[in-house]
Amino acid sequence: MQREPIAAADAGQGASAAAEDERSAPARDSAGYHAVSVLWGFGKCVGSLLPVYLAGYFGFSVTLVVLGLLVYTGWKHSRDGKKARLQSAMYLLENEQEATITRLFRSKRDLPAWVNFPEVEKAEWMNKILQQAWPFVGQYLEKLLVDTIAPSIRAASAHLQTLSFTKVDLGDKALKVVGVKAYTEFDKRQVILDLFVSYAGDVEINVEVKKYFCKAGVKGIQLHGKLRVILEPLIGDVPLVGAVTMFFIRRPKLDINWTGLTNLLDIPGLNAMSDTMIMDAIASFLVLPNRLTVPLVANLHVAQLRSPLPRGIVRIHLLEAENLPAKDNFIKGVISGKSDPYAVLRVGTQTFTSHHVDNNLNPQWREMYEVIVHEVPGQELEVEVFDKDPDQDDFLGRMKLDLGIVKKAVLVDEWFTLKDAASGQVHLRLEWLSLLPSAERLNEVLEKNQNIRISGKTADPPSAAILTVYLDRAQDLPFKKGYKDPSPMVQISVQDTTKESRTVYGTSSPVWEDAFTFFIQDPQKHDIDFQVKDDDRTSALGFLSIPMSRLISSADLTMDQWFQLEKSGPASRIYITVMLRVLWLNEDAILTSPVSPLPEEGDVESEMSPGATRPPPAPKRPEHTSPDSNFASEGVLRIHLVEAQSLIAKDNLMGGILKGKSDPYVKIRVGGLTFKSHVIKENLNPIWNELYEVILTQLPGQEVEFDLYDKDLDQDDFLGRVKVSLSELISAQLTDQWYTLNDVKSGRIHLVLEWLPKVSDPSKLEQIIHYNAGQSYLNKTAPSAALLFIYVERAHGLPLKKSGKEPKAGAEVTLKKISHRTKVVNRSTSPQWDEAFHFLIHNPVEDTLIVKVSHSWGQTLGSLVLPVKELLEEKDLLLDRWLSLDGAMPETQILLRAQLKLLDSQLAQNEESTGHVIPSREAAAIRELRHRSVPVQGGEDAGSSEKAQVKLSVVYSSEESRLVVVVHACRNLPSSSKEPPDTYISFILLPDKNRTTKKKTSIKKKSLSPEFKERFDIEMSLKEAKQKVLELCVKHSVSFMSREKELLGKLQIELNQVDLEAGVSQWYDLSHETN
């Protein structure tokens, strides 16, 4: 009894002690946590200062430290942004109703009773199933990664033998199906479901490679998109569905939060690249036209389910845009510029980029694209407009349009307002082309396509059909060397396009089940070529060629059969399904009501009234033209064909016993044009002195080709060839040189080639015309003074035909005898042509441009007479406005641009600055060939002398160590009979004991003023040349029995009195006595 109080007291003491221990424990934990936090803070400070210390210790530049801080700051910003977006997405999924109400009405009240969304249904039951099953999905994924994928990776690479998944956790946030939309009205044997999926999960997957001490992983993923599920074919047996096909109609939105070593992927620049690569991998098998097909029953044609025949083709005409925002500002926005817009068009994985138009807020592209439409409704056309910049392109706006609208309307030609931009509209013409399984309308389609004008130098012509090839399987392919099974793949070639199948490894009976689609311009002209090869692409296993003409004659334009392979095994064959479909625009089904683009996300008004349409903005009448950026970019190449020398003699007589000469001429080929010089008889050193001018577009790889031939009665003989790069000519502007002839033993040609500078200074016109007037060429070509560019854009208010119908209008532009015609626009009083032309102008003061608009080149609808001299009064020689047409209604006008560019030759500038001094042998020849006036011997004017004269050029070429004598012509020769003499000239350099320097020209029949234009080269030193006397005789070729005088005149020139290095070229008086 006495022990009880003692026990009680002990118990009380124990309780109090325990209470004290409990009170002291948090204090100890708090102190320990504080100590750890202090140490952690100290460690972070040391870690932050350590790079700075090390940089100073090792003498690194401060720039490296600053660069590292910038990279870290960018990484931190990107990382925090991803976390914020992930947390926001999680909150939105958890509080969907509250967030939706707040977003729509900015207050937490219930939705009105009249608001409903009949097309998209909620799928809460599906979300509950997913949420309940999510942990088990995580268990399955963990087993899959740890037991299956990790061993496969370790076996694939020796460097990854220590790889392991250290953590696989899908988290608590399950994939959610935001809405479901079902389609059952298209095909009774299929069910189409659109699942709007959204996943913002706290998934965590970590990977470790112990060998390299590497850790990496993912902690948080966002994925949002529309997944289409097709249940087909429906069958009358369990499981009722033959296969399930899944794909994303558009690329889903993806955001990944990396951990470990993959944190580097969050560095700015790498983060977008990494996400894009992952999206490309997803798109390669889950975004249209790629599909994931899971067969549920046997004996299904999986290839046709994976790649079915397209629903149709949409031909997109990207025409123009207007009122785009100006993004190119200067001096930090003080000076406002314009933009250099281009457009990016997307339909699924099909992407097209237009050319950019420099410095234009109202660009005109006039480009055409053709896209394959696999699913309607659902697939969208997305157009984004950007401003081209050297660094990062600026965004100018976007629009979206469901292609199901185009299918319903057949033809949509409207202006669409750009979203996410302050202003701007884009003009599109969209055509829905149906697929016809018959060739009855093929010729009609080909004829229509010929009338479609395509802008752009690299644009493809419109297609008349599409070809779909299903590559199923092959059997009994031949073995490789060593009797090993091949790894076959197939290359399919149509027109200029080649596509490859996947490779099936280690079998002679591969199953590919691949599908391919080709656009065909003209099915009547092409074949389908199949090459079965081993995976090394060099060992051929078989060939097959199917003419499309054979396919056209087949029923339903389809061939579905086995084909025997050529150059293969005796039993080698391949099973292929080939289908051709003609592209047909059903004009009878075209609707005229306007359409609206797709509503953007957050567009509440559009979401609540999906059937409403907004009329497109009425396009205003432009004040000025909007030509392509390449307008007026062409230039003029002036070709002066001077002479040739040392050509090969091709005209041999008596079987080659007597050597003759040649009758040379030149063919000039450039820019698709061919010019031919006149033929010079019996001359191996011909002088042509001919001029040619050609308008060229600066394209890479162009050449100017000169081919020399000997004119014969039967087949002309080849005398040599020269090719000159156009790009080199443009860089040099002016070249004056001799070119050695290729592919022959001897010969060279003298050319003066000039890429004429284009100027807009009217003050230079008088100098240009004066220089051109002083030029003379044997082919009677007058040099051009200017280049006129014409851009005919559109007309307005044309009169109706006499029958009251709208005209088929075309415009014809004429200058002198040269005319160009535009296309004919079908049935319109306001036609739009958008075509450019150019003309060479010899005298802008005298020439006149005539523009005539007519109906199908018959009934005149109006005309315009525009003297070119009016452009000389315009600023920059440019006229760009509406002009009234004569002979039409008062409101009838045409919008055109006329731009004049003067051709300012460098030779004209040189003549102006240097006068008539002959600086070199080549310049002397050129000046003399162009008949520039020079004083005669004795100071008399050339035109005032009545004496017999001869014109010579004498110059010494130091480069070639030879004396050059050019005999040009004679005039005022005497005649001892009624008929003019048959004249020739001979000369010799005295003293010359062996008469090796004696030369003789050809004979000119019956002429008192013969033109020879023959050149003679005599090899000797300059010192020797100055010791010579040139003795020249002009003679009449007579028979030995004739009584007529042979000598018509004589001349001697002491060469030590001539400046041979500078050269001399002039007329000399002839006499019978020595001068």
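All values derive from a computational prediction rather than experimental measurement.

1. Some words on the overall build of the chain
Move 1: Looking only at helices and strands, the chain features 15 helices and 48 strands.
Move 2: Counting only residues that meet the buried cut, the chain has 44% of its 1075 residues in that class.
Move 3: Of the contacts formed within the chain by residues at least 6 apart in sequence, a portion of 65% connects residues at least 24 apart.
Move 4: Carbon and sulfur atoms provide 54% of the accessible area of the chain, an area that totals close to 56500 Å².

2. Some details on the sheet that holds strand 26 (residues 673-676)
In a beta sheet, neighbouring strands pair by backbone hydrogen bonds and run either parallel or antiparallel.
Move 1: If you trace the four strands from one edge of the open sheet to the other, you get 26-25-28-29, paired in antiparallel fashion. The sheet terminates laterally at strand 26 and strand 29 (717-725), the two strands that pair on one side only. Taken over all neighbouring pairs, the strand axes of this sheet differ in orientation by 15 degrees on average, direction set aside.
Move 2: The pairing of strand 28 (residues 703-710) with strand 29 spans eight bridges and is classified as antiparallel. Paired with V704 across the bridge in strand 29 is V724.

3. Points about the confidence of the model for the chain
Move 1: Summary statistics for the chain give a mean pLDDT of 79 and a share of 78% for residues scoring 70 or more.
Move 2: Throughout residues 104-116 the model reports pLDDT below 50, and contacts reaching past four residues in sequence, or to other chains, amount to 13 contacts.
Move 3: Contacts from residues 598-618, a stretch scored under 50 in pLDDT, to residues over four places away or in other chains number 31 contacts.

4. Regarding the environment of N323
Move 1: Summarising the element assignment, N323 is placed in the loop between strand 8 (312-322) and strand 9 (341-347).
Move 2: The sequence separation of N323 and L361 amounts to 38 residues, and the corresponding C-alpha distance is 5.8 Å.

5. Things to note about the sheet that holds strand 37 (residues 848-855)
Move 1: Across the sheet, four strands lie side by side as 35-34-37-38; this open sheet has antiparallel pairing. Two strands bound the open sheet, and with one partner strand each, they are strand 35 (818-821) and strand 38 (859-867). Taking each pair of neighbouring strands and ignoring which way they run, the sheet shows an average axis angle of 20 degrees.
Move 2: Summarising the sheet, strand 34 (residues 809-815) and strand 35 pair through four bridges and their orientation is antiparallel. Each residue of the ladder has a partner; that of L815, found in strand 35, is I818.

6. Section: the environment of V406
Move 1: Looking at where V406 falls in the secondary structure, it is placed in helix 7 (residues 403-409).
Move 2: According to the relative accessible area criterion, V406 is buried, its value standing at 0%.
Move 3: As for V406 and V376, which are separated by 30 residues in sequence, their C-alpha atoms are 9.7 Å apart.
Move 4: Excluding residues within four positions of it along the chain, V406 makes contact with V314, L401, L411, V412, L430, E431 and W432.

7. What about the packing of aromatic side chains?
Move 1: All chains considered together, the criterion is met by 11 aromatic pairs.
Move 2: The rings of Y342, F386 and F395 are connected pair by pair, giving a single aromatic cluster.
Move 3: Just above the ring of F543 sits the side chain of K567; from NZ or CZ to the centre is 5.7 Å.
Move 4: Geometry around Y709 places K667 over its ring, the cationic atom sitting 5.7 Å from the centre.

8. What to know about helix 8 (residues 442-450)
Because each turn of an α-helix spans 3.6 residues, side chains separated by three or four positions in sequence point in the same direction.
Move 1: Three or more residues of helix 8 are buried, namely L442, V445, L446 and N449. For helix 8, the arc enclosing every buried residue in end-on projection is 100 degrees, short of the 170-degree limit, so these residues lie on one face. Of the exposed residues in helix 8, the ones pointing more than 90 degrees away from its buried face are N443, E447 and Q450.
Move 2: Tucked into the core, helix 8 has its buried residues touching strand 8, helix 9 (548-552) and strand 23 (573-584).

9. Remarks on the pairing of strand 8
Move 1: Of all 11 residues in strand 8, 11 are buried, a share of seventy percent or more.
Move 2: Inspection of the sheet shows strand 8 paired to strand 15 (residues 425-436) by nine bridges, in the antiparallel sense. The residue bridging L318 from the neighbouring strand is L428, located in strand 15.

10. Notes on a negative patch on the surface
Move 1: Taken together, the side chains of E142, D147, D169, D172 and D202 define an acidic patch exposed on the protein surface.
Move 2: Under the relative-accessibility criterion, D202 is labelled partly exposed at 30%.

11. Quick word on a positive patch on the surface
Move 1: Together, K661, R995, K998 and K1000 line one region of the surface with positive charge.
Move 2: Checked against the element boundaries, K1000 lands in strand 44 (residues 999-1000).

12. Looking at the pairing of strand 17 (residues 488-494)
Move 1: Most of strand 17 is tucked away, with seven of its seven residues classed as buried.
Move 2: Burial along strand 17 is two-sided: P488, V490, I492 and V494 and M489, Q491 and S493, pointing in opposite directions, are all buried.
Move 3: For strand 17 and strand 18 (residues 497-500), the ladder comprises four bridges, and the chain directions are antiparallel. For S493, the partnering residue across the bridge sits in strand 18 and is T498.

13. A look at the environment of K901
Move 1: By the element assignment, K901 lies in strand 40 (residues 893-903).
Move 2: Residue K901 is classed as buried on the basis of its relative accessible area of 17%.
Move 3: Spatially, the C-alpha atom of K901 lies 5.4 Å from that of K758, the residues being 143 residues apart in sequence.
Move 4: The residues touching K901, leaving out its near neighbours within four places in the chain, are K758, V759, S760, A786, L787 and F789.
Move 5: Within polar-contact distance, the side chain of K901 engages the side chain of S760 at 3.2 Å.

14. Focus: the pattern of salt bridges
Note that side chains of opposite charge can pair when their charged atoms are close.
Move 1: Applying the stated criterion across every chain yields a total of 37 salt bridges.
Move 2: With a shortest N-O distance of 3.8 Å, D514 and R502 are connected by a salt bridge. Residue D514 is located in strand 19 (residues 511-520), and its partner R502 is located in the loop between strand 18 and strand 19; the two are separated by 12 residues in the primary sequence.
Move 3: With relative accessibility at 14%, the residue D514 sits in the buried group.
Move 4: One salt bridge in this structure joins D847 and K816, with 3.3 Å as the shortest N-O distance. Taken as a pair, D847 in the loop between strand 36 (832-841) and strand 37 and K816 in the loop between strand 34 and strand 35 lie far apart in primary sequence, 31 residues in all.
Move 5: Given the relative accessible area of 57%, K816 is considered exposed.
Move 6: Connected through salt bridges with shared partners, the residues R315, E370, D413, R429 and E431 form a single ionic network.

15. Some points on helix 12 (residues 765-773)
Move 1: Residues of helix 12 that are buried include every one of L765, I768, Y771 and N772, and no others. Here the buried residues of helix 12 occupy an arc of 135 degrees about the axis, which is enough to place them on one side. Away from its buried face by more than 90 degrees, helix 12 exposes E766, H770 and A773.

16. Observations regarding unusual backbone geometry
Move 1: Looking along the chain, the bond that leaves E232 and enters P233 is cis, with omega of -10 degrees.
Move 2: Note that P233 resides in the loop between strand 4 (214-231) and strand 5 (243-248).
Move 3: Geometrically, the link from L990 to P991 is a cis peptide bond, its omega value of -10 degrees lying close to zero.
Move 4: Positioned with a positive phi, S646 is a non-glycine residue whose angle comes to about 55 degrees.
Move 5: Looking at the element boundaries, S646 is found in the loop between strand 24 (635-645) and strand 25 (664-670).
Move 6: Despite not being glycine, N689 shows a phi value in the positive range, around 55 degrees.
Move 7: Summarising the element assignment, N689 is placed in strand 27 (residues 687-696).
Move 8: What makes N689 buried here is its relative accessible area of 0%.

17. Examining the side chain of T507
Move 1: Relative to the helices and strands, T507 resides in the loop between strand 18 and strand 19.
Move 2: Residue class for T507 comes out buried when judged on its relative accessible area of 19%.
Move 3: One polar contact links the side chain of T507 to the main-chain amide nitrogen of S509, over a distance of 3.1 Å.
Move 4: Excluding residues that lie within four positions of it along the chain, T507 makes contacts with D485, P486 and P488.

18. Some words on a nonpolar patch on the surface
Move 1: Together, V66, L67, L70 and V71 give the surface a local cluster of nonpolar side chains, amounting to about 350 Å² of exposed area.
Move 2: Within the secondary structure, L70 is located in helix 2 (residues 62-94).

About the cut-offs
Residues numbered from 1 in each chain as written. Predicted model: local features only at pLDDT ≥ 70, side-chain atom pairs only at ≥ 80, totals over all residues. Heavy atoms only, no water. Helix = DSSP H or I, 4+ residues; strand = E, 2+ residues; numbered from the N terminus. Buried < 20%, exposed > 50% of the residue type's maximum accessible area, 1.4 Å probe, protein only. Contact = heavy atoms within 4.5 Å. Areas by Shrake-Rupley, 256 points an atom, 1.4 Å probe, with all protein chains shown as cover. Pairing = 2+ DSSP bridges. Axes fitted to C-alpha atoms, helices over the stretch in contact; angles between N-to-C directions. pLDDT = per-residue confidence, 0-100. Phe/Tyr/Trp six-rings, centres within 6.5 Å; stacked < 30°, edge-to-face > 60°. Lys NZ or Arg CZ within 6 Å of the ring centre and 35° of its normal. Arc of directions from axis to C-beta. Patch = residues over 30% accessible without salt bridge, like charges linked within 9 Å, V, L, I, M, F, W, Y side chains within 5 Å. Salt bridge = Lys/Arg side-chain N within 4 Å of Asp/Glu carboxyl O. Lys, Arg positive; Asp, Glu negative; His and termini not counted. Charge placed at Lys NZ, Arg CZ, Asp CG, Glu CD. Polar contact = N/O pair within 3.5 Å; in protein donor to acceptor, adjacent residues only side chain to side chain.

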